[in-house]
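So you can see what is in the structure, the chains are spelled out below.
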Amino acid sequence: MSAPPSPIDPLRRRLAAALAAGGAAGALPGWAASSSRKRRSPLGVALIGLGGYSRDLLAPALQATRHCRLTGIVTGTPAKAEEWQRRYRIPDRNVYDYDGFARIADNPDIDVVYVVLPNHLHKRFTVEAAAAGKHVWCEKPMAMDAAEAQEMIDACRRNRVQLTIGYRLQHEPNTRAWRELAKTRPFGRLLRVKADAGFNGFRNNPGDAWRLDPARGGGAMYDMGVYSLNAARYTTGREPLAVTARQEIQRPEIFRGVDETMRFQLEFPEGVVADCVTSFGMNINLLRAECEDGWYQLEPFQTYDGIKGEASDGRRFDASLGPRPAMQALQMDEDALAILEGTPPRVPGEEGLRDMRVLDAIFASARADRKRVEIAAG
Ligand code: NAD
């Protein structure tokens, strides 16, 4: 009797097709060249931070990738390490705590460090991983501000390793088709964009949630707002010139020093405006483009699966990668291929930096009570 098929097998097959459709991203600028050390597929990936996203999405996704393997973990909790080692057969030599992390430099099983920590720790561990000669994948938002993001880019350049930001949507097929419309403009001139991303959370005991702590990069804007902001940029295909932002707090007993809701309006060249909302108090998930001769929209536009949409001419955005964690598997396989083939990653550190520059301006505008803030050109 043959063994029953693994639930991972169909995911692997879909992933192979999606990878084949994606192709290589282009030629490599000198600074982005992989370090001279020879890398072979599959790349060994160490996750740093074994919280919800690593546990529920990234580790399962790594079981389905073709070009990566979960070979290491970095955690401050010994009990967690034991459980992960058992589940994913990770040897003792590939387990690190935060203080001993630098030793990873000597470990040939690990090619990539994926930073999945609270936002205030992204810079520290990206810089340390780069110094250890490891390629870095870093979760969104890239950093606390643009200055940190620039330091991270510089560290990776200096050490000749790739830096890639975990904007998983940029790998997703409907989002990729959506982005093409910014170039082909089938509905004429783009006039307005609407980008709303949020969830109704923290109803019950918020506990010691870092997402509510200003010092650790808490607040809706850092967490969900980057989806609205990134989407406004990829919908227009341009960089915003100025922003006006307003922070709102409905539940002051929970949100102390961080935004519960942020409304921001981005001004793009040629009079295009993006109205964006992000919130920890509302379930919102819509991306819409209004053009001279029609409209198109994705709803939802930033879930883990089931992204879909339509347009005024009847076209649909209905490609399916399959259920979660297919998107994360595709993201990591594409990012691994960029390292293996020496091509630029789909979402390089510079893309994260562009968002951080706008984020800095959004916070400055909100602090100054909706003052219009111009955004420094990159
Ligand atoms: P989480 O709270 O579930 O996990 C955070 C992990 O960091 C925990 O294992 C915790 O023990 C560890 N940690 C180490 N130092 C800490 C400190 N000083 N304070 C708090 N925790 C500390 O968070 P998460 O949801 O896994 O998010 C981690 C990162 O991943 C964030 O940057 C977040 O924005 C990002 N994320 C991205 C997506 C996505 O779809 N791309 C989804 C979820 C989270």
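Just so you know, these numbers come straight off a predicted model, no measurement behind them.

Participant: It is not clear to me how the overall build of the chain should be interpreted in this structure. Could you clarify?
Facilitator: For the chain, the helix and strand inventory stands at nine helices and 15 strands. Here the C-alpha atoms of the chain give a radius of gyration of 20 Å, agreeing with the 21 Å that 2.2 N^0.38 yields for 378 residues. Structurally, the chain occupies a C-alpha span of about 55 × 45 × 45 Å along its principal axes. The buried share of the chain, reckoned over its 378 residues, is 56%. Residue pairs at least 24 apart in sequence account for 70% of intrachain contacts in the chain once pairs closer than 6 positions are excluded. Side-chain charges in the chain split into 52 positive and 48 negative, and the spacing between the mean points of these groups amounts to 3 Å.

Participant: I'm lost on the nonpolar core in this one. Help?
Facilitator: As a rule of thumb, nonpolar side chains are buried together in soluble globular proteins. In terms of nonpolar packing, the biggest core is built from 117 residues, with Leu47, Phe264 and Leu266 touching the most fellow members. If you tally residues by element for this core, the top one is helix α7 (residues 220-236), at 10 residues. Summarising the domain contributions, this core has at least three residues from each of domain 1 (9-169 + 327-347) and domain 2 (173-320 + 356-374). Ignoring any residue separated from it by four or fewer positions in sequence, one finds Leu47 in contact with Ser54, Leu58, Ala59, Leu62, Leu70, Gly72, Ile73, Val74, Trp84, Tyr114 and Val116.

Participant: What exactly am I supposed to notice about the site of the ligand here?
Facilitator: In the vicinity of the ligand, 24 residues are found, and the nearest of them are Gly52, Asn119, Arg168, Trp210 and Arg211. With the chains in place, 79% of the 840 Å² that the ligand exposes on its own is no longer accessible. The set of elements that each furnish at least two residues to the shell around the ligand consists of α2 (52-62) and α7. Formed jointly, the shell around the ligand draws a minimum of three residues from each of two domains, domain 1 (9-169 + 327-347) and domain 2 (173-320 + 356-374).

Participant: What is the right way to read the pairing of strand β8 (residues 242-248) from this model?
Facilitator: Each regular strand shows side chains that alternate between the opposite faces of the sheet. Taken together, the seven bridges between β8 and strand β9 (residues 261-267) define a ladder with antiparallel strand orientation. Of the residues in β9, the one forming a bridge with Ala242 is Glu267. Taken together, the two bridges between β8 and strand β15 (residues 373-374) define a ladder with antiparallel strand orientation. Paired with Val243 across the strands is Val373, a residue of β15.

Participant: For this particular structure, what's the right way to read the domain arrangement of the chain?
Facilitator: Domain annotation of the chain identifies domain 1 (9-169 + 327-347) and domain 2 (173-320 + 356-374). Measuring from the centre of the C-alpha atoms in domain 1 to the corresponding centre in domain 2 gives 26 Å. Taken residue by residue, the interface counts 23 residues in domain 1 and 22 residues in domain 2. Of the roughly 2000 Å² buried between domain 1 and domain 2, counting both surfaces, carbon and sulfur atoms make up 60%. A salt bridge links Asp223 to Lys140, with the nearest nitrogen and oxygen atoms 3.5 Å apart. Along the contact surface separating domain 1 from domain 2 lie seven residue pairs in polar contact (both at pLDDT 80 or more). Counting only elements with at least two residues in the side of domain 1 that touches domain 2, the list comes to α1 (8-22), α2, α5 (146-158) and α8 (326-341). A class-by-class count of the residues in the side of domain 1 that touches domain 2 yields 13 nonpolar, five polar and five charged.

Basis of the calculations
- Residues numbered from 1 in each chain as written.
- Predicted model: local features only at pLDDT ≥ 70, side-chain atom pairs only at ≥ 80, totals over all residues.
- Heavy atoms only, no water.
- Helix = DSSP H or I, 4+ residues; strand = E, 2+ residues; numbered from the N terminus.
- Rg over C-alpha atoms; globule rule 2.2 N^0.38 Å.
- Buried < 20%, exposed > 50% of the residue type's maximum accessible area, 1.4 Å probe, protein only.
- Contact = heavy atoms within 4.5 Å.
- Lys, Arg positive; Asp, Glu negative; His and termini not counted.
- Charge placed at Lys NZ, Arg CZ, Asp CG, Glu CD.
- Core = buried A, V, L, I, M, F, W, Y, C linked by side-chain atoms within 4.5 Å.
- Domains from an automatic or database assignment.
- Near = heavy atom within 4 Å.
- Areas by Shrake-Rupley, 256 points an atom, 1.4 Å probe, with all protein chains shown as cover.
- Pairing = 2+ DSSP bridges.
- Buried area = accessible area lost by both parts, 1.4 Å probe.
- Salt bridge = Lys/Arg side-chain N within 4 Å of Asp/Glu carboxyl O.
- Polar contact = N/O pair within 3.5 Å; in protein donor to acceptor, adjacent residues only side chain to side chain.
- Nonpolar A, V, L, I, M, F, W, Y, C, P; charged D, E, K, R; others polar.

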